[in-house]
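# What the coordinates show
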Amino acid sequence: MSPFRQTLSASAVALSFALAVVQAQPLSFAARAASAESEEAKSGDIGATTAPAIVPPLLNQPFPAKPTRKDERMSHAEAMFEEGRKLYQAGNLPGARKLFDEALDLVLSAKADPVDRAHFDKRFEELVAKIYRLDIAGLGAGAETTQANFDKAPIDEILNLTFPLDPKIKPMVRDEVAATISQLPLEATDAVLSFVNYFSSERGRGTLRAGLRRAGKYKAMISRILDEEGIPQEFIFLAQAESGFLPRAVSFMSAGGMWQFVRGRGVEYGLRQDAFVDERFDPEMATRAAARHLRDLYHQFGDWYLAIAAYNCGPGNVDRAVERTGYADVWELRSRGVLPLETSNYVPIILAMTIMSKNPKNYGLEDITYEEPLVYDTLELKAATSIALIADLTGQPVSAIKELNPALLKDLAPVGYRLHVPKGTLVTLQAGLELVPEDKRLAWRVHRTEAGEDLAAVARKFGFSPASLLACNTGLAELLDPGSLVVVPAAPVRTPLAVKTVRTTRTLQHARVTPRTRPAARAASAPVKSPVKPTVRRDNATLARNRSPRG
């Protein structure tokens with residue numbers, strides 16, 4: 001026999017022996033292999049001295065587990081994020097946004113898969129957090145607004161948590177459910193009871209009370225719209241859970257507004273989103289869109305609980321969970337772990353809030369002082385107009401105008417915007433706007449005179465000559481009555497506007513809107529262009545498809 005055949009034969013023998021040892025006693029494989037090597041060496045077989053040196057290391061190296069489809073999608077999404085970050089750093093924001101959206105789309109299509117769920121969810125949250133940080137830094141609405149900061153969505157703090165169940169409250173809550181009149185079916189499952197227990201704690205009750213106080217502003221409006229759209233009145237507590245009735249709440253998934261719409265879902269239901277306006281933050285328009293979305297989900301699933309779940313994680317995830325298990329029951333899907341964790345908690349959170357709010361005396365909620373309802377008139381603007389000019393004409397502070405118009409992302413309202421103004425000021429506003437040319441309403445201001453002020457005093461206050469003011473105020477007399485409106489052909493020196501950033505869907509550009517404070521003739525000769533209405537940005541369309549208004 002040739003040396004090569006001897007070696008091959010000895011290797012085969014050693015391999016068979018090693019496999020037998022592994023099957024019999026895997027934990028002592030190294031010792032057995034060493035003994036076999038010693039015995040073969042004594043026999044003088046040439047192959048015995050080479051085969052053990054090759055075979056044991058091979059057998060000691062376990063083959064890596066085959067990645068699941070879920071892991072492969074996550075790895076692909078993370079690679080897409082890195083490519084998107086390179087585009088972001090290079091200044092290609094549209095390209096970066098496209099890759100980020102595709103990465104989230106890829107991940108969300110696998111999020112309901114229960115395999116390696118804890119590890120996957122951790123990687124998913126890390127990916128979302130990285131995208132969110134870049135979104136706020138330069139891609140999303142966070143960089144476009146000059147208004148007050150956005151609010152954090154309160155529900156983010158508890159969606160991924162579990163709370164203990166207090167067995168003592170079970171009989172009480174079940175009796176309450178049996179005696180409570182509700183258009184939305186109520187159940188007191190253990191999951192619901194655990195959140196009743198949480199919202200009965202000091203911290204949970206504080207969150208609930210704060211939201212109910214703010215609800216006073218919007219309750220009448222929400223109730224009216226829910227009734228008009230044929231939706232159970234108890235869905236007001238979905239807004240309570242989503243945002244605590246904060247119109248400018250933003251979640252870590254970039255869902256926005258009182259009803260927490262992601263961008264794509266907002267577009268689907270007609271909510272305008274551009275560089276100047278985001279109607280997800282308009283309480284009335286977002287409430288209408290949310291009611292219609294819930295109605296559509298109910299028609300799709302035939303069950304309010306499944307509709308609520310789909311509102312949170314998207315109808316696609318709920319469809320796949322039902323198809324995978326064969327159960328069209330949210331509690332069964334929850335117990336089998338085929339829904340995202342936050343969705344599993346979402347339904348019981350809303351039911352717990354509903355039960356507690358309908359039985360306020362039992363939970364220390366009966367003494368809440370509700371905020372006054374917001375009442376306003378609405379005017380559709382024919383030209384882009386500064387918020388400062390609107391405040392001048394209505395006699396209100398700028399903050400009051402902004403509070404009524406949380407959808408505005410800038411200190412101006414674009415053409416076609418439906419402006420909300422304090423009740424009773426609409427007629428004055430309309431008359432005052434007629435004094436200012438449409439192409440000047442971004443920069444010009446109006447001054448309401450006080451007792452003792454004449455035209456010369458007003459001119460000195462704003463750095464103009466009386467002749468300049470007369471040129472812009474036809475028929476204005478030198479002597480002014482208190483309360484007279486004087487058009488000022490530029491913003492007052494006292495409140496200059498700063499350099500602002502205008503973001504469109506295609507490019508990032510800077511537009512200086514610093515007002516002129518020189519003589520009126522020069523200011524009047526430089527018309528201010530109205531902003532061009534950009535294309536609605538359909539960011540993250542698939543995220544919208546697979547996540548509800550929350551994302």
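These numbers were taken from a predicted model, which means no experiment stands behind them.

Here we take up the overall build of the protein. Secondary structure assignment for the protein yields 23 helices and 10 strands. Considering only contacts in the protein between residues 6 or more positions apart, those separated by 24 or more positions represent 73%. Just so you have it, the protein exposes about 26000 Å², and 55% of that area is on carbon and sulfur atoms.

Where a protein is soluble and globular, its nonpolar side chains tend to be buried together. Residues Val-173, Phe-199, Ile-222, Phe-235, Trp-259, Tyr-311 and Val-318 are the most contacted members of the largest nonpolar core, which totals 70 residues. Residue contacts for Phe-235: discarding those within four places in its chain leaves Leu-184, Leu-226, Trp-259, Leu-294, Trp-304 and Ile-308.

Right, let's talk about the packing of helix α17 (residues 387–394) against helix α19 (residues 426–433) for a bit. Axis separation between α17 and α19 bottoms out at 8 Å; the angle between their running directions is 120°. In terms of axis orientation, α17 runs oblique to α19. The crossing of α17 and α19 is right-handed. The residues of α19 that touch α17, namely those facing Leu-389, Ile-390, Leu-393 and Thr-394, are Thr-428, Leu-429, Gly-432 and Leu-433. Looking at the contact of α17 with α19 residue by residue, the class counts come to 5 nonpolar, 3 polar and no charged.

Under the counting rule described, the total for this entry stands at 21 salt bridges. Note that Lys-217 and Glu-371 form a salt bridge whose closest N and O atoms lie 3.5 Å from each other. Here Glu-371 lies in the loop between α16 (341–358) and β3 (376–380) and Lys-217 lies in helix α9 (residues 202–228), a separation of 154 residues in the sequence. Accessibility expressed as a relative area gives 31% for Glu-371, which makes it partly exposed.

Another aspect to go through is the packing of helix α13 (residues 304–313) against helix α14 (residues 315–325). In contact at an axis separation of 7 Å, α13 and α14 are set at 125° when each is read in the N-to-C sense. In terms of orientation, α13 lies oblique with respect to α14. Contacts between α13 and α14 involve Leu-306, Ala-309, Ala-310 and Cys-313 from the former and Pro-315, Asn-317 and Val-318 from the latter.

What follows is about unusual backbone geometry. Positive phi, normally seen in glycine, also occurs at Phe-245, with a value near 60°. When you line up the elements, Phe-245 lands in the loop between α10 (236–243) and β2 (249–250). The phi torsion at Gln-260 lies on the positive side, around 55°, for a residue other than glycine. You can see Gln-260 is positioned in the loop between β2 and α11 (263–268). Judged by its relative accessible area of 0%, Gln-260 falls in the buried class.

This next bit is on the packing of aromatic side chains. Tallying each qualifying case throughout the model produces 4 aromatic pairs. Ring centres 4.1 Å apart and planes at 20° place the aromatic pair Tyr-298 and Trp-304 in the stacked group. Taking relative accessible area as the criterion, Trp-304 reaches 13% and is therefore assigned buried. The rings of Phe-235, Tyr-298 and Trp-304 are connected pair by pair, giving a single aromatic cluster. Over the ring of Phe-281 we find Arg-280, and its NZ or CZ is 5.5 Å from the ring centre.

A few words now on the environment of Leu-470. Mapped onto the secondary structure, Leu-470 falls in helix α21 (residues 466–472). Accessibility expressed as a relative area gives 30% for Leu-470, which makes it partly exposed. Taking the C-alpha atoms as reference, Leu-470 lies 8.5 Å from Leu-455; in sequence the two are 15 residues apart.

What follows deals with the pairing of strand β6 (residues 418–422). The buried fraction of β6 amounts to 4 of the 5 residues, a majority that puts the element mostly inside the structure. Of the pairings in the sheet, the one linking β3 to β6 comprises 5 bridges and is antiparallel in character. The residue bridging Leu-379 from the neighbouring strand is Leu-419, located in β6.

Summarising the model, the protein shows a mean pLDDT of 76, and 66% of its residues fall at 70 or more. The least confident element of the protein is strand β10 (residues 508–511), whose mean pLDDT is 32; the most confident is helix α12 (residues 283–301), at 97. Low pLDDT, under 50, characterises residues 2–59; the stretch is placed with 34 contacts to residues that sit more than four places away or in other chains. Note that pLDDT drops below 50 for residues 139–149; the model gives that stretch 40 contacts with residues more than four away or on any other chain.

It is worth spelling out α12 at this point. For α12, spanning 19 residues, the distance from its first C-alpha to its last is 27 Å, which sits close to the expected 27 Å at 1.5 Å a residue. For α12, the set of buried residues is Pro-283, Ala-286, Thr-287, Ala-289, Ala-290, Ala-291, His-293, Leu-294, Leu-297 and Phe-301. Check the buried side of α12 and you find it contacts α9, α10, α11, α13 and α14.

In this model α9 runs 36 Å from its N-terminal to its C-terminal C-alpha over 27 residues, within 8% of the 39 Å that 1.5 Å per residue would give. Of all the bends in α9, the greatest, near 60°, is centred on Tyr-218.

For the rest of this paragraph, the subject is the environment of Ala-352. For Ala-352, the position within the fold is in helix α16. Expressed as a C-alpha distance, the spacing of Ala-352 and Phe-195, which sit 157 residues apart in the sequence, is 6.0 Å. Leaving out residues up to four positions away in the same chain, Ala-352 has contacts with Val-192, Phe-195, Val-196 and Phe-199.

Another point: the environment of Thr-425. Take Thr-425: it is sitting in the loop between β6 and α19. When its relative accessible area of 10% is taken as the criterion, Thr-425 is described as buried. Separated by 31 residues in sequence, Thr-425 and Thr-394 place their C-alpha atoms 5.6 Å apart. If we ignore the near neighbours within four places in the chain, the residues touching Thr-425 are Asp-377, Thr-394 and Gln-396. In terms of polar contacts, Thr-425 uses its side chain to reach the backbone carbonyl oxygen of Pro-422, at 2.7 Å.

Reading guide: rules and limits
- Residues numbered from 1 in each chain as written.
- Predicted model: local features only at pLDDT ≥ 70, side-chain atom pairs only at ≥ 80, totals over all residues.
- Heavy atoms only, no water.
- Helix = DSSP H or I, 4+ residues; strand = E, 2+ residues; numbered from the N terminus.
- Contact = heavy atoms within 4.5 Å.
- Areas by Shrake-Rupley, 256 points an atom, 1.4 Å probe, with all protein chains shown as cover.
- Core = buried A, V, L, I, M, F, W, Y, C linked by side-chain atoms within 4.5 Å.
- Buried < 20%, exposed > 50% of the residue type's maximum accessible area, 1.4 Å probe, protein only.
- Axes fitted to C-alpha atoms, helices over the stretch in contact; angles between N-to-C directions.
- Parallel < 35°, antiparallel > 145°, perpendicular 65-115°, else oblique.
- Left-handed = near helix turned anticlockwise from the far one by under 90°.
- Nonpolar A, V, L, I, M, F, W, Y, C, P; charged D, E, K, R; others polar.
- Salt bridge = Lys/Arg side-chain N within 4 Å of Asp/Glu carboxyl O.
- Phe/Tyr/Trp six-rings, centres within 6.5 Å; stacked < 30°, edge-to-face > 60°.
- Lys NZ or Arg CZ within 6 Å of the ring centre and 35° of its normal.
- Pairing = 2+ DSSP bridges.
- pLDDT = per-residue confidence, 0-100.
- Expected span 1.5 Å × (residues − 1).
- Bend = angle between axes of the 7 residues up to and from the residue.
- Polar contact = N/O pair within 3.5 Å; in protein donor to acceptor, adjacent residues only side chain to side chain.

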